Amino acid sequence: MKRIVLFFIGAVYCQGIFAQPSKKAMQQLIDENMQFAAQQYKVLAQKTPATVMPRTFQGDTLVTSNTKWWCSGFYPGTLWLIYAGTKDAAIKEEAEKRLGILEKEKTYTGNHDLGFMMYCSFGTAYDITKKPAYKDVIFTAAHSLSTRYRPSIKAIQSWDSSKNFNCPVIIDNMMNLELLEWVTQQGGDKKYHEIAVTHSNTTLKNHYRPDYSSWHVLDYNLASGGVSRKKTHQGYADESAWARGQVWGLYGYTVMYRFTKNPAYLDLAQKIAGFLLKHPNLPADKIPYWDFNAPDIPNAKRDASAGSIMASALLELAQYSKGKVKDEYVATAGQILESLSSPAYRAPLGSNGGFLLLHSVGSLPHNSEVDVPLTYADYYFIEALGRYKKWYL
Ligand code: GLY
């Protein structure tokens with residue numbers, strides 16, 4: 001018996017502690033998902049009226065949004081990513097149409113979400129097509145986002161003041177910095193890079209706890225520049241670790257390292273990854289519960305969006321990491337992609353309103369979008385599949 005156990009441990013060790021799925025298996029999984037996504041998004045396209053964007057599918061009904069909704073860039077972005085993976089002309093045609101209705105939001109300044117809205121859409125489109133008109137849209141959007149920078153707090157204000165918050169900055173805001181960095185990198189004003197770096201430094205200083213989990217919302221005092229309160233909006237409790245917030249931070253600091261090569265950003269991203277991957281409440285299939293401290297774990301809802309964002313972020317973080325941690329990031333991302341591709345999370349063709357993934361959570365405390373498909377879960381799933389193919393096959 002002892003000999004069998006030793007042999008087993010030896011076999012696993014020889015393959016590496018974090019054994020990757022075989023390249024052939026991943027190639028098949030990625031190609032099958034891309035073909036599936038092209039077919040499934042034709043169902044979504046056919047259901048979605050021309051002037052709005054799909055948002056979710058609830059109670060057998062497609063829920064749509066106008067183009068000011070923070071998620072309006074994900075549907076066109078996903079179409080572009082599917083096009084990149086399949087070269088399906090009908091998908092490209094739909095992607096171009098949807099950029100057409102979104103473009104007007106390049107001057108929107110009502111919140112911090114311009115990066116999600118305009119970079120995940122036009123940025124993805126530019127990456128694939130190199131069409132100059134798309135670049136112009138992104139440059140205008142960077143200017144719009146920069147108007148929300150508040151020098152007194154050294155950060156971008158996420159939402160306008162309300163009865164709940166004076167000057168809220170949410171961890172999600174790290175995701176909007178790629179837009180700013182990209183524009184400076186492409187020859188735009190250096191101030192966009194400076195804003196992104198200053199915001200990242202302020203967030204690193206104030207948003208992170210000693211265990212490298214983050215608060216969701218910090219309410220700043222514009223007059224003093226200090227933090228008044230540390231709260232949640234979409235998490236279980238002020239002191240809990242809301243899953244999507246954790247993975248937004250992971251993704252955001254990885255992107256900031258890509259642009260700046262500041263080792264403090266890489267260090268933080270790796271520490272956030274450590275918090276996530278070593279957490280006793282991360283399930284065996286690596287799809288997080290909606291909050292790492294949800295009181296009803298193991299019966300708490302899963303958040304497939306947190307899983308897909310985490311997979312995509314880990315695949316990029318692995319590019320900047322070495323040895324055992326690199327292997328762990330790639331293996332975990334592969335495991336997430338396998339889980340999301342299984343019937344436990346991926347909808348059968350023609351169902352789910354045309355969305356790819358089931359089981360995401362928008363905001364459980366508001367009883368909004370609980371255990372439903374969400375556009376960003378699909379977006380980061382397809383992005384992660386593409387990244388795996390580009391970097392690891
Ligand atoms: N504010 C973006 C999110 O719900 O994750």
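One can find the structure itself at the top, above this paragraph.
Quantities reported herein were computed from a predicted structural model and do not represent experimental measurements.

Definitions and cut-offs
Residues numbered from 1 in each chain as written. Predicted model: local features only at pLDDT ≥ 70, side-chain atom pairs only at ≥ 80, totals over all residues. Heavy atoms only, no water. 1 Å grid on protein atoms, 1.4 Å probe; cavity = no way out; pocket = protein on both sides within 12 Å on 5 of 7 lines; lining within 4 Å. Points joined across faces, edges and corners; volume = space filled by probe spheres on them. Helix = DSSP H or I, 4+ residues; strand = E, 2+ residues; numbered from the N terminus. Nonpolar A, V, L, I, M, F, W, Y, C, P; charged D, E, K, R; others polar. Axes fitted to C-alpha atoms, helices over the stretch in contact; angles between N-to-C directions. Parallel < 35°, antiparallel > 145°, perpendicular 65-115°, else oblique. Left-handed = near helix turned anticlockwise from the far one by under 90°. Contact = heavy atoms within 4.5 Å. Near = heavy atom within 4 Å. Polar contact = N/O pair within 3.5 Å; in protein donor to acceptor, adjacent residues only side chain to side chain. Areas by Shrake-Rupley, 256 points an atom, 1.4 Å probe, with all protein chains shown as cover. Sits in = over half its atoms within 2 Å of the grid points. Salt bridge = Lys/Arg side-chain N within 4 Å of Asp/Glu carboxyl O. Buried < 20%, exposed > 50% of the residue type's maximum accessible area, 1.4 Å probe, protein only. Pairing = 2+ DSSP bridges. Lys, Arg positive; Asp, Glu negative; His and termini not counted. Phe/Tyr/Trp six-rings, centres within 6.5 Å; stacked < 30°, edge-to-face > 60°. Lys NZ or Arg CZ within 6 Å of the ring centre and 35° of its normal.

Some words on empty space enclosed by the protein
If a probe the size of a water molecule is rolled over the atoms, the empty space left behind becomes visible.
Here is step 1 of the chain: Using the criterion set out here, one finds one cavity of 30 Å³ or more in the structure.
Here is step 2 of the chain: A volume near 30 Å³ is recorded for the largest cavity.
Here is step 3 of the chain: Every residue lining the largest cavity is listed: Met174, Met175, Glu178, Tyr251, Gly252 and Val255.
Here is step 4 of the chain: Sorting elements by how many residues they give to the lining of the largest cavity places helix 9 (residues 243-260) first, with three residues.
Here is step 5 of the chain: Grouping the amino acids of the lining of the largest cavity by side-chain chemistry returns four nonpolar, one polar and one charged.

A few points about the packing of helix 8 (residues 190-206) against helix 10 (residues 263-277)
Here is step 1 of the chain: Put simply, helix 8 and helix 10 touch, their axes get as near as 12 Å, and they point 45° apart. Relative to helix 10, the element helix 8 is oriented oblique. The crossing of helix 8 and helix 10 is left-handed. Of the residues in helix 10, those in contact with Val197, Ser200, Asn201 and Leu204 of helix 8 are Ala264, Tyr265 and Leu268.
Here is step 2 of the chain: Class assignment for the residues of the contact of helix 8 with helix 10 results in five nonpolar, two polar and no charged.

Quick notes on the site of the ligand
Here is step 1 of the chain: Looking at the ligand, the residues that line it are Trp70, Asp172, Gln234, Trp242, Arg244 and Trp248.
Here is step 2 of the chain: The side chain of Trp248 places a nitrogen or oxygen atom 2.8 Å from an oxygen atom of the ligand.
Here is step 3 of the chain: For the ligand, whose unbound accessible area comes to 200 Å², protein coverage reaches 93%.
Here is step 4 of the chain: Judged by the fraction of its atoms near the pocket grid, the ligand is located in the second largest pocket.
Here is step 5 of the chain: Class assignment of the residues belonging to the shell around the ligand gives a composition of three nonpolar, one polar and two charged.

Section: the environment of Tyr134
Here is step 1 of the chain: As for its position among the elements, Tyr134 is in helix 6 (residues 132-146).
Here is step 2 of the chain: Sequence spacing of Tyr134 and Pro365 is 231 residues, and the spatial spacing of their C-alpha atoms is 37 Å.
Here is step 3 of the chain: For Tyr134, the contacting residues outside a window of four places in its chain are Trp80, Glu96, Leu99, Phe122, Ala125, Tyr126 and Thr129.

Regarding the pattern of salt bridges
Here is step 1 of the chain: Counted according to the given criterion, the structure contains 20 salt bridges.
Here is step 2 of the chain: Here Lys42 ties to Asp88 by a salt bridge, and the two come within 2.7 Å at their closest N and O atoms. Residue Lys42 is found in helix 2 (residues 23-47), and its partner Asp88 is found in the loop between helix 3 (74-86) and helix 4 (89-102); the two are separated by 46 residues along the sequence.
Here is step 3 of the chain: We classify Lys42 as partly exposed; its relative accessible area is 30%.
Here is step 4 of the chain: Two residues, Asp267 and Lys271, come together in a salt bridge whose shortest N-O distance is 2.9 Å. One end of the pair is Asp267 and the other is Lys271, both in helix 10 and four residues apart, which spans about a single turn.

Focus: the pairing of strand 5 (residues 167-170)
Here is step 1 of the chain: Side chains Cys167 and Val169 of strand 5 all project onto a buried face; the interleaved residues Pro168 and Ile170 project onto the opposite face, where all are buried too.
Here is step 2 of the chain: Here strand 5 pairs with strand 6 (residues 217-220) via four bridges, running antiparallel. What sits directly across from Pro168, in strand 6, is Asp219.

Notes on the layout of surface pockets
Here is step 1 of the chain: Looking at the largest pocket, its volume works out to about 750 Å³.
Here is step 2 of the chain: Lining the largest pocket are 34 residues, and of these Leu81, Asp127, Glu383, Arg387 and Lys390 lie nearest its centre.
Here is step 3 of the chain: Considering every element that reaches the lining of the largest pocket, the biggest residue donor is helix 13 (residues 375-392), with 10 residues.
Here is step 4 of the chain: Among the residues forming the lining of the largest pocket, the class breakdown is 18 nonpolar, six polar and 10 charged.

A closer look at the side chain of Asp291
Here is step 1 of the chain: Tracing the sequence through the fold places Asp291 in the loop between helix 10 and helix 11 (304-319).
Here is step 2 of the chain: Of the buried charged residues, Asp291 lacks a salt bridge, with Arg209 as the closest side chain of opposite charge at 7.7 Å.
Here is step 3 of the chain: Only 2.8 Å separates the side chain of Asp291 from the backbone nitrogen of Tyr236, close enough to count as a polar contact.

Brief notes about the sheet that holds strand 7 (residues 227-231)
As a general point, the strands of a sheet are linked pairwise by backbone hydrogen bonds and lie either parallel or antiparallel.
Here is step 1 of the chain: The strand order across the open sheet built from three strands is 5-6-7, with neighbouring strands paired in antiparallel fashion. For this open sheet the edge positions go to strand 5 and strand 7, each flanked by a neighbour on one side alone. Here the strands of the sheet are splayed against their neighbours by 25° on average, with no regard to which way each runs.
Here is step 2 of the chain: Taken strand by strand, helix 8 contacts strand 5, strand 6 and strand 7, and its axis lies near 105° from that of strand 6.

Quick look at unusual backbone geometry
Here is step 1 of the chain: Here the bond from Ile297 into Pro298 is cis, since omega is 15°, no more than 30 degrees from zero.
Here is step 2 of the chain: For Pro298, the location among the structural elements is in the loop between helix 10 and helix 11.
Here is step 3 of the chain: One non-glycine residue, Lys130, adopts positive backbone phi at about 60°.

Quick word on the side chain of Thr56
Here is step 1 of the chain: Tracing the backbone shows Thr56 in strand 1 (residues 53-58).
Here is step 2 of the chain: At 2.5 Å, the side chain of Thr56 and the backbone oxygen of Pro373 are in polar contact.

So, the packing of aromatic side chains
Here is step 1 of the chain: Overall, the coordinates contain 27 aromatic pairs when judged by the stated rule.
Here is step 2 of the chain: With centroids separated by 6.0 Å and ring planes inclined at 85°, the aromatic side chains of Trp80 and Tyr83 adopt a geometry described as edge-to-face. One end of the pair, Trp80, and the other, Tyr83, are both in helix 3, three residues apart, so they sit about a helical turn from each other. Accessibility assignment for this pair places Trp80 and Tyr83 in one class, buried.
Here is step 3 of the chain: Ring geometry for Trp159 versus Phe165: centroids 6.0 Å apart, planes at 50°, classification tilted.
Here is step 4 of the chain: Owing to a relative accessible area of 7%, Phe165 belongs among the buried residues under this scheme.
Here is step 5 of the chain: Here a set of aromatic residues connected by ring pairs shows up, and it is made of Trp69, Trp70, Phe74, Phe116, Trp248, Tyr251, Tyr376, Tyr379 and Tyr380.
Here is step 6 of the chain: One cation-aromatic arrangement involves Lys230 over Trp215; the distance from NZ or CZ to the ring centre is 4.2 Å.
Here is step 7 of the chain: The residue whose ring lies beneath Arg302 is Tyr289, and the NZ or CZ to ring-centre distance is 5.0 Å.

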